[in-house]
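Inside the fold
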Amino acid sequence: MLRWQIQAGYVAVPGSANPNHIAENIAVFDFSLSGEEMNRIAKLNKHQRYENW
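About the thresholds
- Residues numbered from 1 in each chain as written.
- Predicted model: local features only at pLDDT ≥ 70, side-chain atom pairs only at ≥ 80, totals over all residues.
- Heavy atoms only, no water.
- Helix = DSSP H or I, 4+ residues; strand = E, 2+ residues; numbered from the N terminus.
- Buried < 20%, exposed > 50% of the residue type's maximum accessible area, 1.4 Å probe, protein only.
- Contact = heavy atoms within 4.5 Å.
- Lys, Arg positive; Asp, Glu negative; His and termini not counted.
- Charge placed at Lys NZ, Arg CZ, Asp CG, Glu CD.
- Phe/Tyr/Trp six-rings, centres within 6.5 Å; stacked < 30°, edge-to-face > 60°.
- Lys NZ or Arg CZ within 6 Å of the ring centre and 35° of its normal.
- Salt bridge = Lys/Arg side-chain N within 4 Å of Asp/Glu carboxyl O.
- Patch = residues over 30% accessible without salt bridge, like charges linked within 9 Å, V, L, I, M, F, W, Y side chains within 5 Å.
- Areas by Shrake-Rupley, 256 points an atom, 1.4 Å probe, with all protein chains shown as cover.

Topic: the overall build of the chain
Looking only at helices and strands, the chain has 3 helices and 0 strands in total. When the helices and strands of the chain are listed from N to C terminus, the series reads α-α-α. The principal-axis extents of the C-alpha atoms in the chain amount to approximately 30 × 30 × 15 Å. Residue burial in the chain is summarised as follows: out of 53 residues, 13% are buried. Put simply, 60% of the contacts in the chain that link residues at least 6 apart link residues at least 24 apart. Once the 5 positive and 5 negative side-chain charges of the chain are each reduced to a mean point, those two points are 10 Å apart.

Some points on the packing of aromatic side chains
Given two aromatic rings, one states the distance between the centres and the angle between the planes to describe the pair. The final tally for this structure, using the stated rule, is 1 aromatic pair. If you follow Arg3 out to its NZ or CZ, it ends over the ring of Phe31, 5.9 Å from the centre.

Digging into the side chain of Arg3
In this fold, Arg3 is placed in helix α1 (residues 2–7). We note that Arg3 is buried and unpaired, the nearest opposite charge coming from Asp30 at a distance of 7.2 Å. Leaving out residues up to four positions away in the same chain, Arg3 has contacts with Val28, Phe29, Phe31, Ser32 and Leu33.

Describing a nonpolar patch on the surface
On the surface, a nonpolar cluster with roughly 320 Å² of combined accessible area is contributed by Ile22, Ile26 and Phe29. You can see Phe29 is positioned in the loop between α2 (19–26) and α3 (35–42). Looking at Phe29, the relative accessible area reads 58%, which means it is exposed.

Geometry only, nothing functional implied.
So, in structure tokens, the structure goes:
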């Protein structure tokens with residue numbers, strides 16, 4: 001999801017205190033999603049916001 005947000009032009013602000021999760025969050029910059037993958041993920045839109053502040 002993080003890769004999709006970045007590639008779609010959204011500002012993504014991931015956060016974690018877990019070193020493994022931090023490493024996973026950084027690892028989204030060494031690949032990209034195909035156009036088909038981007039569209040398939042976009043179709044999952046439930047028109048709900050992601051944040052829970």
